[in-house]
Amino acid sequence: MAYSLRSGTKANSCTISQKLSAHKACRGKYLADGLADYKKDPSILKTQKIKKEVHEQPVLTTVKQEKLVHSETVPVKKRKKLPSVKIEYEEYASALPQVAEGIWSPPYWREQLLNIRTMRSSFDAPVDSMGCEKISDKDAQPKDFRYQVMLSLMLSSMTKDEVTSAAMARLKAHGCSVERILKTSDDMLGKLIYPVGFWKSKVSYIKRTSALLKEKYDCDIPTTVEELVALPGIGPKMAHLIMQCAWNDTTGIAVDTHVFRITQRLGWIQKKPKQPEDCRKALESWLPKELWHEINWLLVGFGQQTCSAIRPKCDTCLNRSNCTFPSRKLKV
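Residues numbered from 1 in each chain as written. Predicted model: local features only at pLDDT ≥ 70, side-chain atom pairs only at ≥ 80, totals over all residues. Heavy atoms only, no water.

**Q** Even after reading the chapter, I still don't get the nonpolar core, so can you show me in this structure?
**A** Note that soluble globular proteins tend to have their nonpolar side chains buried in a common cluster. Tyr-147, Met-150, Leu-171 and Ile-234 are the most contacted members of the largest nonpolar core, which totals 37 residues. Among the elements of the structure, α7 (142-156), α8 (161-174), α9 (178-182), α10 (186-193), α11 (199-216), α12 (225-229) and α13 (236-247) are those that each provide at least two residues to this core. In terms of residue count, the dominant contributor to this core is α7 (eight residues). With near-sequence residues (within four places) excluded, Ile-234 lies in contact with Met-150, Met-154, Leu-228, Val-229, Ala-239 and Ile-242. Formed by 26 residues, the second largest nonpolar core is a distinct cluster that contains Met-119, Ile-253, Trp-268 and Cys-317. (Core = buried A, V, L, I, M, F, W, Y, C linked by side-chain atoms within 4.5 Å. Buried < 20%, exposed > 50% of the residue type's maximum accessible area, 1.4 Å probe, protein only. Helix = DSSP H or I, 4+ residues; strand = E, 2+ residues; numbered from the N terminus. Contact = heavy atoms within 4.5 Å.)

**Q** Even after reading the chapter, I still don't get the layout of surface pockets, so can you show me in this structure?
**A** Think of a ball as big as a water molecule: rolled over the atoms, this probe shows where empty space is left. Here the largest pocket defines a volume of roughly 1,200 Å³. Of all the secondary structure elements, the ones that give two or more residues to the lining of the largest pocket are α6 (126-130), α7, α8, α13, α14 (257-265), α15 (276-284) and α16 (292-305). Considering only residue class, the lining of the largest pocket consists of 16 nonpolar, 14 polar and nine charged. (1 Å grid on protein atoms, 1.4 Å probe; cavity = no way out; pocket = protein on both sides within 12 Å on 5 of 7 lines; lining within 4 Å. Points joined across faces, edges and corners; volume = space filled by probe spheres on them. Nonpolar A, V, L, I, M, F, W, Y, C, P; charged D, E, K, R; others polar.)

**Q** What's the story with the packing of helix α5 (residues 109-119) against α16 in this structure? I'm lost.
**A** The packing of two helices is summarised by the inter-axis angle and the distance between the axes. Taken N-terminus to C-terminus, the directions of α5 and α16 make an angle of 65°; their axes are 10 Å apart at the nearest point. Two packed elements cross with a definite hand, and for α5 against α16 that hand is left-handed. On the side of α5, the interface is formed by Leu-113, Ile-116, Arg-117 and Met-119, while α16 contributes Glu-294, Ile-295, Leu-298, Leu-299, Phe-302 and Gln-305. (Axes fitted to C-alpha atoms, helices over the stretch in contact; angles between N-to-C directions. Left-handed = near helix turned anticlockwise from the far one by under 90°.)

**Q** Hey, could you run me through the side chain of Arg-120 in this one?
**A** With respect to the secondary-structure elements, Arg-120 resides in the loop between α5 and α6. Setting aside residues no more than four positions away along its own chain, Arg-120 makes contact with Ala-125, Val-127, Asp-128, Trp-297, Leu-298, Gly-301, Phe-302 and Gln-305.

**Q** Can you help me understand the pattern of salt bridges in this one?
**A** Pairing is possible between side chains that carry opposite charge, provided their charged atoms lie close to one another. Following the criterion strictly, the structure yields eight salt bridges and no others. Between Asp-218 and Lys-143 there is a salt bridge, with its nearest N and O atoms 2.9 Å apart. One end of the pair, Asp-218, is in the loop between α11 and α12; the other, Lys-143, is in helix α7, and 75 residues separate them in sequence. Here Asp-218 falls in the exposed class, since its relative accessible area comes to 52%. Linking Asp-220 and Arg-146 is a salt bridge whose minimum nitrogen-to-oxygen distance equals 2.8 Å. (Salt bridge = Lys/Arg side-chain N within 4 Å of Asp/Glu carboxyl O.)

**Q** Whenever I open this one, the environment of Tyr-205 confuses me. Can you help?
**A** In this fold, Tyr-205 is placed in helix α11. Tyr-205 gets classed as partly exposed once you look at its relative accessible area, which sits at 33%. Remark: the alpha-carbon pair of Tyr-205 and Gly-233, spanning 28 residues in sequence, is separated by 5.4 Å. If near-sequence neighbours (up to four positions away) are discounted, Tyr-205 is found in contact with Met-154, Pro-232 and Gly-233.

**Q** Hey, could you run me through the packing of aromatic side chains in this one?
**A** For any pair of aromatic rings, the description consists of the separation of the ring centres together with the inter-plane angle of the planes. Within the structure shown, the criterion is met by five aromatic pairs. Between the aromatic rings of Trp-268 and Trp-286, the centroid separation amounts to 5.8 Å while the plane-to-plane angle is 85°, which identifies the pairing as edge-to-face. Taken together, the residues span a long stretch of sequence, with Trp-268 in the loop between α14 and α15 and Trp-286 in the loop between α15 and α16 at a distance of 18 residues. Residue Trp-268 shares its accessibility class with Trp-286, and that shared class is buried. Site record: aromatic cluster; members linked through ring pairs are Trp-104, Trp-109, Trp-268 and Trp-286. Lying across the ring of Trp-297, Arg-120 places its NZ or CZ 4.4 Å from the centre. (Phe/Tyr/Trp six-rings, centres within 6.5 Å; stacked < 30°, edge-to-face > 60°. Lys NZ or Arg CZ within 6 Å of the ring centre and 35° of its normal.)

**Q** Help me out: how do you make sense of unusual backbone geometry in this one?
**A** The phi torsion of most residues other than glycine is negative, and most of the peptide bonds are trans. Residue Tyr-194 is joined to Pro-195 through a cis peptide bond whose omega torsion reads 15°. Relative to the elements of secondary structure, Pro-195 occurs in the loop between α10 and α11. The phi torsion at Cys-219 lies on the positive side, around 65°, for a residue other than glycine. By the element assignment, Cys-219 lies in the loop between α11 and α12. On the basis of relative accessibility, which here comes to 15%, the residue Cys-219 falls in the buried class. Despite not being glycine, Asn-248 has its phi angle at roughly 55°, a positive value.

So this is what it looks like as structure tokens:
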């Protein structure tokens, strides 16, 4: 029984298979004729249905050729070359003092220093509000102010800034001058400075140093590093800080635990130092002297907030890509 190709009703004219065979034969001849005409004249694509039928056939070479011809006739706009943008830190780095010719210096010290300046720009580290000159009375007599700077540094050894600041506040309320401290008993002085680290030893240092200041310096402090380190309880780090904060004279870089740790992590020391004095000499050997005055302040605050001894915040540090410290690889 035969059915109509479209409606599915009975039809007596021909069978379904006959209709399909006739349709394929007709369509094949139609496409073959159209393809032959296209090869002779490609412009025939613009007329009738041959354009659609030819593109349906896998004649890829012809289509590719048409695209190539089109690309040759239409000019391609060249992208304008953008002007080079100078990185901001490079502008500031060029203004930094130059290391003397022939002297070894770390390869990334300029970028590292500028990054630390950026991270310290908020001035919110403990040292910014509780440094030795901050907790001394600037309204006091110049001699007393310098004496307080020296005492605050003596108390700060192995002590947190908050504890040192509180002890200095009690001393100032009690009366913090050479004459006043010499009249204070050891027991009372111990109560005033407790709980600073090694407070018993510091009571002895303060009393002996104060006596020498009255005897040799008219209740003032020495004006040289050599004379300062000769006093009981005063080391090179304290001496250089006293010269800078009390006398406004930068004589060297004060190397404390933060400076000692961070300069090695940054690769600023060519050979691993054994003592803080080794670190100071190595650092001063290449760092321009114009920058000495800020190094201790910058690195102490940086160590308090970011580059701590335990669990440093390497993931937020701007120097994590050029630091030698192993933990920077954990979070970059």
